[in-house]
Amino acid sequence: MLEPTAAQIRDEKIYRKLGLTDAEYQQVVEKLGRLPNYVEAGIFGVLWSEHCSYKSSKAHLRKFPTTGPQVLQGPGENAGVVDIGDGLAVAFKMESHNHPSAVEPYQGAATGVGGILRDIFTMGARPIAFLDSLRFGSLEDGRTRYLFEQVVAGIGGYGNCVGIPTVGGEVQFSPTYRGNPLVNAMCVGLLKRDEMVTGTATGVGNPVFVVGARTGRDGIHGATFASAEDPHEKERSAVQVGDPFLGKLLMEACLELIASGAVVGIQDMGAAGLTSSSAEMASRAGGGIEMNLDDVPVRESGMTPYEMMLSESQERMLVVLERGREEVAFEIFRRFGLEVANVGRVTDDGRLRLFFRGEVVADMPVAALVDEAPVYERPIADWKPPVPQFVPTTLAISEAWMQLLAHPSVADKTWVHRQYDTSVRASTVLGPGHDAALVKVPGVNKAVAMATDGNSRYVYLNPRRGGQIAVAEAVRNLAVVGAKPLAITNCLNFGNPEKPEIMRQLSDAIEGMAEACEALGTPVVSGNVSLYNETRGVDIQPTPVVGAIGVMDGIEHRVPSAPKSVLEPTELWVLGREDDSLSGTLYGELVCGGPAGDAPYVNLAQEARLHQLLQQVAGARLVAAAHDVSEGGIAITLTEICIASGIGAEVEVADGADAHGWLFSEAQGRVLVAVTSANADALARLAATFNVPARKMGELTGETLCVKLQGALLVELPLNELVATYEGAIPSFFVAEQLTATH
Amino acid sequence: MKWAVIVFPGSNCDEDAAFAIREVTGDEAHLIWHDARDLSDFDAIVLPGGFSYGDYLRSGAIARFSPVVEAVKREAQKGKLVLGICNGFQVLTESHLLPGALLRNDNLQFRCEMTELVVENNQSPFTADYAIGERIRIPIAHGEGRFVADDTTLAKLQADRRVAFTYHANPNGSVQNIAGILNLQGNVLGLMPHPERAVMEWMDSVDGRRMFLSMHRYMKEARALVGANGSANS
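Here the structure is a predicted model, which is why all the values come from computation and not from measurement.

Contacts between chain A and chain B engage 31 residues on the former and 26 residues on the latter. Note on chain A versus chain B: buried area summed over both sides is about 2300 Å², and carbon and sulfur give 57% of it. Contact with chain B buries area across many residues of chain A, yet Phe-245, Arg-418 and Ala-426 of chain A alone supply 26% of it, more than any other trio. Taken together, chain A and chain B are joined by three salt bridges.

In this section: the environment of Gly-180 of chain B. Take Gly-180 of chain B: it is sitting in strand β10 (residues 178-182). Non-local contacts of Gly-180 of chain B, meaning those with residues more than four positions away in its chain, are made with Arg-162, Val-163, Ala-164, Phe-165, Leu-189, Gly-190 and Leu-191 of chain B.

Once that is clear, we can look at the sheet that holds strand β2 (residues 80-85) of chain A. Residue and element names in this part refer to chain A. Pairing in this open sheet of six strands is mixed, and the strands run β1-β2-β3-β6-β4-β5 from one edge to the other. Looking along the sheet, the strands with just one partner apiece sit at the ends: β1 (71-73) and β5 (166-173). Adjacent strand axes in the sheet meet at a mean angle of 25 degrees, parallel and antiparallel pairs treated alike. Pairing between strand β4 (residues 126-136) and β5: seven bridges, direction parallel.

Residues and elements named next belong to chain A. Side chains Ala-437 and Val-439 of strand β15 (residues 437-440) all project onto a buried face; the interleaved residues Leu-438 and Lys-440 project onto the opposite face, where all are buried too. Here four bridges tie β15 to strand β16 (residues 446-453), and the two strands are oriented antiparallel to one another. In the strand pairing of β16, Leu-438 is matched with Ala-449. From the end of β15 to the start of β16, which pair antiparallel, there are five residues, and Gly-443 there has a positive phi angle of about 85 degrees.

A turn of α-helix holds 3.6 residues, and therefore any two residues three or four places apart point the same way. All names here are of chain A. The end-to-end C-alpha distance of helix α10 (residues 244-259), which contains 16 residues, comes to 22 Å, matching closely the 22 Å that a straight helix rising 1.5 Å per residue would cover. Among the 16 residues that make up α10, 14 are buried, leaving the element largely enclosed by the rest of the structure. At the N-terminal end of α10, a side-chain oxygen is found 3.2 Å from the backbone nitrogen of Phe-245, two or three residues along, and the residue is Asp-243. Looking at the residues trailing α10, positive phi occurs at Gly-261, about 85 degrees.

When its domains are assigned, chain A resolves into domain 1 (197-372) and domain 2 (397-733). Between the C-alpha centres of domain 1 of chain A and domain 2 of chain A the distance comes to 42 Å.

Let us look at the nonpolar core. Ranked by size, the top nonpolar core spans 177 residues in total, and within it Phe-148 and Phe-333 of chain A together with Trp-3, Leu-39, Leu-83 and Phe-165 of chain B carry the most contacts. By residue number, the principal contributor to this core is α10 of chain A, which donates ten residues. Apart from residues lying up to four places away in sequence, Leu-39 of chain B is in contact with Ala-4, Ile-6, Ile-32, Ile-45, Val-68, Ala-71, Val-72, Glu-75 and Lys-80 of chain B. Counting 52 residues, the second-largest nonpolar core is a separate cluster that includes Leu-20, Tyr-38, Val-39 and Leu-369 of chain A.

It is worth spelling out the packing of aromatic side chains at this point. All names here are of chain A. Applying the stated criterion across every chain, the model contains 19 aromatic pairs over all chains. Summarising the aromatic geometry, the rings of Phe-44 and Trp-48 are spaced 5.2 Å apart at their centres and angled 85 degrees between planes, so their arrangement reads as edge-to-face. Residue classification places Trp-48 among the buried positions, given a relative accessible area of 0%. What links up through ring pairs into an aromatic cluster is the set Phe-136, Phe-148, Phe-173, Trp-415 and Phe-734.

Before going further, it helps to spend a moment on the pattern of salt bridges. Residue and element names in this part refer to chain A. Inspection of every chain in the model, using the stated rule, returns 59 salt bridges over all chains. The partner of Arg-284 in a salt bridge is Glu-77, and the shortest N-O contact between them spans 3.7 Å. Taken together, the positions of Arg-284 in helix α11 (residues 273-285) and Glu-77 in the loop between β1 and β2 put the pair 207 residues apart, joining distant regions of the chain. As a salt-bridge pair, Glu-252 and Lys-248 come within 2.9 Å of each other at their nearest N and O atoms. Linking Glu-252 with Lys-248, this pair stays in helix α10, spanning four residues, or about one helical turn. Take Glu-252 and Lys-248: they sit in the same class, and that class is buried.

Calculation notes
Residues numbered from 1 in each chain as written. Chains lettered and ligands numbered in written order. Predicted model: local features only at pLDDT ≥ 70, side-chain atom pairs only at ≥ 80, totals over all residues. Heavy atoms only, no water. Contact = heavy atoms within 4.5 Å. Buried area = accessible area lost by both parts, 1.4 Å probe. Salt bridge = Lys/Arg side-chain N within 4 Å of Asp/Glu carboxyl O. Helix = DSSP H or I, 4+ residues; strand = E, 2+ residues; numbered from the N terminus. Pairing = 2+ DSSP bridges. Axes fitted to C-alpha atoms, helices over the stretch in contact; angles between N-to-C directions. Buried < 20%, exposed > 50% of the residue type's maximum accessible area, 1.4 Å probe, protein only. Expected span 1.5 Å × (residues − 1). Polar contact = N/O pair within 3.5 Å; in protein donor to acceptor, adjacent residues only side chain to side chain. Domains from an automatic or database assignment. Core = buried A, V, L, I, M, F, W, Y, C linked by side-chain atoms within 4.5 Å. Phe/Tyr/Trp six-rings, centres within 6.5 Å; stacked < 30°, edge-to-face > 60°.

What follows is the structure, given as structure tokens:
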């Protein structure tokens, strides 16, 4: 195929197909001082795409606090890095792979995991854990079951093979995600504090290498077509295919190369492949890069410069080495059987210049490509969710309880996480099923705590408060297990930014998140924005997902979500302000058929005190277990504690509270703890010093769950029935399929 | 004692195995790249878990052609201990150091969970520290762990008491609930569960420790015996 000429691109408006608007094309022409050729127009198209440039969100992202004494690397690099003491640091980031996963769920999810993995080891960090935040439609829907099954298999397929444990995350189900599932993958890595490397191309004359897999024709324009009108038709060929075996070898080779000290800068070729990695590395260094595309190892003959620059073939990295130390790289990559090719060099003229067959095929200012990419202050209009204001209590308590327990968002997720290797690397102290995961740091008595969270219903009802809750809940989960929260990463999954009310959701949610980050002392050190999450014009509920990181010194202080065994009298206490509002709850969604009311209560000052208290409680080893009150309310939190410890409970509704509301409220800032009677007084005293309300609500006992209202029995549910409902809910959707598969 | 932990391209439990060996026995554990051709320096060999060569073609099917496998066979013939865990077990069956084969789990899914194993034989160098019939808790993490063998092989395995462990609740459809088997001489053990992930209090089980301890003690006694007889190490 003959490539269109520069004039044709202008006259036939071919640039539109490359992702540029008319106005953007004009800007490109001005910046170049001439018409861009096909390669150049394609490169501008991907780098100025929403995915690479954050043009709609950039202005708002500036609201996030990004600094703190613990922050070693904030946003703008391949991953954020925080100090965890003892000369050690943690690199982490979360990234979305929503659009590819909607089309090709196995590969979409697998390459999401592979991509975030490379972002982490690129910093010189040894990856130690994955977490995945997933959102799907309703499991009654056949296509949703297919997407769910394949996404889980894809995550396992990549993560298990590279030998990094998947230790946590969450899965939620809501009709809002039917045509647009969310797949957000987070990776956490460990490094020595003074051995961090970055994606910077410095040192004029230093050689530039492409290492790892060969470049093929897969995934061309994956970054641009995220907003196609009918993504299902258009994106199929833009989905990349992952090779975890190659990913594992590449990780080992790169970590060895970085350890050799020969690396000046290194970057993953993720979205927009060779284009974004070279332009971004040059931009960070304020310099330029020159590449000879004849030297790029390709998978097939006849590839054009356009295809090479825009390919999103997986498992490739761009590396700048110190001149004269090339032999180190050759030795390492040869040993692992990987490609290594010197494709160019670092320059100081601030240009990205590409040669092919002796000719200059592209020559553009790096600043125009990256730093001067357009930033849009898109119009913002009011957002008023079309929902009922009040939640009627029309469901009987026992009925609501069982329905909530069977809701796939609440029900047992063993079906998911037993498909993930959760214990490889032999360092998982707390894995899936606890409020936060804890992964031990080798050689010291220290663990990294990690959790993800994000409830779209709250953000939909009230973006600002919902944003606050997303951060508060993720960070609270760290404190619940006894860790000290340090920082967060996030994935902002929103609808179409060209709609003013969606921009309101985005802007307000970011504001709320920023407020919570300030209040809780957890700055944002990395993140990702995924816009255009819509199906046939209908946007998903706004879903900011937060990944929080903390540290625990002395793993003997860890607090599990339920006591392993109950050998002495154990009381249940609720820490935090009690509440009986059904606003914004999952109960409300069941009764009203959709979100209802406002987002639940949250108070950031109280939240911060609660987190302090929880760390003290853990440090003093006062409690046998602690579990956050979240979706489904106290009823569900209590049930989960009882199921995990194999014992019933007897509890009393708070004085003067409405029983429905008290059981099912999702007000934030509440944690249930199991404490032996011997320690209960000490717990109450400690809570008082932090000015956190604490009440004994009952005890762990018997084989049923009993709720009393002013001493009278309100509801009693047998534990074995609760177990059957909780554990059976998700597998029940797959029973028929399994039978057909095995016979 | 000196242990070799073999690293194939794609192995990912090599560090875990080395950690367990050092932590539990205090012995030296060396990571040995798959192109090694001589293992005569080592007292024991561990083929760790992972996805050697990406499990492409069939788990363990490509790794068996690695140069190191010939060396493993030579040392096994000399009577040295060889422990194959998970992917290591698959490599051992593919290399015919152990009979049978490991196929895709009957549930067609990867399974990672704590399992209860029943100790069927405590007369081997790997299991001497366990009691016969004892139930131990060791986690599994595999997609292709369904042990199969023909009836003659199974009968022979049973007759020779070469089934080392069975699952209390079968997680993958293995024939006769088999989780781990020994070779005829008793110096090669392959098992799907991961004993190296059950060696510390915080790992939720410490039942894997005794496997490494049994091996350590056996090697020490064997060495003492050789010393007492005055014969040089071959």
